[in-house]
Amino acid sequence: MLMSNGLMNRLEGIRDAAVRQHAARDGSYGELANSMSVTRATAQSRRDTLLKRDPSEMERCATEGD
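Residues numbered from 1 in each chain as written. Predicted model: local features only at pLDDT ≥ 70, side-chain atom pairs only at ≥ 80, totals over all residues. Heavy atoms only, no water.

Asker: Summarise helix α2 (residues 29-36); cite the residues concerned and give the values.
Answerer: All of the buried residues along α2 are Y29, L32 and A33. Viewed end-on, α2 has its buried residues packed into an arc of 100°, placing them on one side of the element. In α2, those exposed residues whose orientation departs by more than 90 degrees from the buried face are N34 and S35. Where α2 terminates, the next one or two residues include S37, which has phi positive at roughly 55°. (Buried < 20%, exposed > 50% of the residue type's maximum accessible area, 1.4 Å probe, protein only. Helix = DSSP H or I, 4+ residues; strand = E, 2+ residues; numbered from the N terminus. Arc of directions from axis to C-beta.)

In structure tokens form, the structure reads like this:
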């Protein structure tokens, strides 16, 4: 179980880094919604919430390496 938790944390970091990069490149909420298979409103809420906080340790690992 510990191994799967670590993997899930890393995957969440990768996801968050991808969403942050999408926003930095002026990606639209519609594009994000399509890629996440969610509504535009859900994508907007998730991205806006993410951008209000600093990158997590796992997100930094995804962008900077271990």
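Asker: Could you give me a rundown of a nonpolar patch on the surface, with the residues and numbers involved?
Answerer: Side chains of L7, M8, L11 and I14 sit close together on the surface and give an oily, nonpolar patch of about 380 Å² of accessible area. You can see L11 is positioned in helix α1 (residues 2-24). What makes L11 partly exposed here is its relative accessible area of 43%. (Patch = residues over 30% accessible without salt bridge, like charges linked within 9 Å, V, L, I, M, F, W, Y side chains within 5 Å. Areas by Shrake-Rupley, 256 points an atom, 1.4 Å probe, with all protein chains shown as cover. Salt bridge = Lys/Arg side-chain N within 4 Å of Asp/Glu carboxyl O.)

Asker: A description of the nonpolar core should follow, citing residues and the corresponding values.
Answerer: Side chains of nonpolar character tend, in soluble globular proteins, to be buried together. Ranked by size, the top nonpolar core spans five residues in total: V19, L32, A33, A43 and L50. Going through the elements one at a time, α2 and α3 (40-51) are the ones with two or more residues in this core. (Core = buried A, V, L, I, M, F, W, Y, C linked by side-chain atoms within 4.5 Å.)

Asker: Give me the lowdown on the environment of M36, citing residues and values where you can.
Answerer: By the secondary structure assignment, M36 is in helix α2. For M36, the contacting residues outside a window of four places in its chain are A43 and R46. (Contact = heavy atoms within 4.5 Å.)

Asker: Could you give an account of the packing of α2 against α3, with specific residues and numbers?
Answerer: Running from amino to carboxyl end, α2 crosses α3 at an angle of 100°, the nearest separation of the two axes being 8 Å. If you check the angle between α2 and α3, you find them roughly perpendicular. Contacts between α2 and α3 pair Y29, G30, L32, A33 and M36 from the former with R40, A43, Q44, R46, R47 and D48 from the latter. Split by residue class, the contact of α2 with α3 holds five nonpolar, two polar and four charged. (Axes fitted to C-alpha atoms, helices over the stretch in contact; angles between N-to-C directions. Parallel < 35°, antiparallel > 145°, perpendicular 65-115°, else oblique. Nonpolar A, V, L, I, M, F, W, Y, C, P; charged D, E, K, R; others polar.)

Asker: Please provide a residue-by-residue account of unusual backbone geometry, values included.
Answerer: Even without glycine at this site, D26 takes up a positive phi of about 60°. Turning to its location among the elements, D26 is positioned in the loop between α1 and α2. Phi is positive for S37, which is not a glycine, with a value near 55°. Among the structural elements, S37 can be located in the loop between α2 and α3.

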